Amino acid sequence: SSDVCSSDLAAYATKLINFFPDQGYVRTRRGSIQHCNTGINAPIRTLAELPLADGNSKFVACVGTRFVDVTTSTPTLLGSAILNSTWHHVVTNNRLVLVNGTDTPQTYNGTTWTTLSVTSSQPSVTLTPANLVHVSQYKGRLFFTEKDSSFVWSTDAGAYQGPLHRVDYSYLLQRGGRVMFTAPWSRDTGVGLQDYFIIASSEGEVLVYEGDDPTSATSWAIYARFFLPPLVAGRRCFINLGSDLLIVHRAGITPMSALLAGNASSTFASITDTINKS
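Residues numbered from 1 in each chain as written. Predicted model: local features only at pLDDT ≥ 70, side-chain atom pairs only at ≥ 80, totals over all residues. Heavy atoms only, no water.

Caption draft 1: Structural view of the side chain of Thr46. Turning to its location among the elements, Thr46 is positioned in strand β3 (residues 44-51). When its relative accessible area of 4% is taken as the criterion, Thr46 is described as buried. A distance of 2.8 Å separates a polar atom in the side chain of Thr46 from the backbone nitrogen of Trp87. Within the structure, the side chain of Thr46 is placed 3.3 Å from the side chain of Arg236, a separation counted as a polar contact. (Helix = DSSP H or I, 4+ residues; strand = E, 2+ residues; numbered from the N terminus. Buried < 20%, exposed > 50% of the residue type's maximum accessible area, 1.4 Å probe, protein only. Polar contact = N/O pair within 3.5 Å; in protein donor to acceptor, adjacent residues only side chain to side chain.)

Right, here's the structure in full:
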C-alpha cells in the first residue's frame, strides 16, 4: 500500500505498510517467531549484542527492572535490579559498557556482569557515575556524556574504566542547552576516510572535532560548527549509517555529509524532503 503526497512525488511511495523496498523489487513483510520469552511483563527498552572472541555472540535485553541474557530461548537474569531500562552502550575490550543516567554504569564480558569502576582524574572535580547517560567510542577512548550538563568525560587511551577526564563544552555551545550525544564520524575526503568526533547539543548545535586526545590543546581542535533545529527528545536521535552520521531533529533527518558539503543551507531535512508536506 502506498500513499503519494503530491503529483511531484509520483515516483515515490511515501508510505509503505507491510512492504519493504529491495534491490529491483518490493517484498512483503514476512511473519515472526518468538525467540525468547523473558517472563517479565514489561517492554524491552534496550537490546544489545556482544560479539565474543570465539565467534559466538551474547544478546542482552533490559526489561522492566532487570537485565536478561536472551541469547537462547531460555532467559537468564543478569546483575541486580535497576531503575531505568533505557540504556546506551558500546562494545569495547570484548565487553559491553552500558550507561543510562540513573543507575551505576554496568559492564559485561559475556560471563561476568559487574559495575563499571570509574573515578574523576581531577581531585577538585566530582564525578557521580550514575549521572553518565550516554557513551560512545572514538580512537581507542570511551566518551561519556553527563546528563543535564555540557560535560563530556573520556577514558585514557585503550581503557574502558578507571580515571575519567572531564571537558566542559558550555563555553563553545553558542545556543546553550546541554550535550545530547557524542559520536564518531568518518568522512570520505576523496583520498580516504578522515575520522571526526561529533558533539551535538539539545538546541541542534553540532561541533565537529578532530584529534585523538581531548585533554591536549595540541591534539584536539574544533574543525567545524553547524546549526540544526533542536534535536528530538531522547538521546537515540542519531545513527551511524555506512560512513555517514544521520541526525534526527524537529525538521527531519540530516546527514553530516550534507552539512559539510554545504547542501543544507536551504533545508535541514535533506533525507526526508520527499515526504515533507510543506
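Next comes the rest of the write-up.
Caption draft 2: Structural view of the sheet that holds strand β14 (residues 151-154). Taken in spatial order, the 5 strands line up as β11-β15-β14-β13-β12 in an open sheet, and their pairing is mixed. Here the strands that pair on one side only, and so sit at the sheet edges, are β11 (118-120) and β12 (132-138). Averaged over all neighbouring strand pairs, the angle between strand axes comes to 35°, with direction disregarded. With 3 bridges joining them, strand β13 (residues 141-146) and β14 adopt antiparallel strand pairing. When the bridges of β14 are listed, Phe144 appears paired with Trp153. (Pairing = 2+ DSSP bridges. Axes fitted to C-alpha atoms, helices over the stretch in contact; angles between N-to-C directions.)

Caption draft 3: Spatial organisation of the pairing of strand β17 (residues 193-201). Alignment of β17 against strand β18 (residues 205-211), held across 4 bridges, turns out to be antiparallel. In the sheet register, Phe197 faces β18, and the bridge partner there is Tyr209. If you look at the hairpin formed by β17 and β18, you'll find 3 residues sitting between the two strands, and Gly204 has a positive phi there, around 90°.

Caption draft 4: Main features of the packing of aromatic side chains. Under the defined criterion, the tally for this structure stands at 14 aromatic pairs. Grouping aromatic residues by their ring pairs yields a cluster made of Tyr138, Phe143, Tyr169, Phe197, Tyr209 and Trp220. Cation over ring: Arg166 sits above Phe151, and NZ or CZ is 3.8 Å from the ring centre. (Phe/Tyr/Trp six-rings, centres within 6.5 Å; stacked < 30°, edge-to-face > 60°. Lys NZ or Arg CZ within 6 Å of the ring centre and 35° of its normal.)

Caption draft 5: Examining the pattern of salt bridges more closely. In total, this model carries 4 salt bridges according to the counting rule given. Ionic pairing is found between Arg141 and Asp213, a salt bridge with its closest N-O pair at 3.7 Å. Here Arg141, found in strand β13, pairs with Asp213, found in the loop between β18 and β19 (220-227); they are 72 residues apart in sequence, far enough to count as distant. Since its relative accessible area comes to 11%, Arg141 is described here as buried. The salt bridge partner of Arg225 is Glu205, with a shortest N-O separation of 2.5 Å. Of the two residues, Arg225 sits in strand β19 while Glu205 sits in strand β18, which places them 20 residues apart along the sequence. (Salt bridge = Lys/Arg side-chain N within 4 Å of Asp/Glu carboxyl O.)

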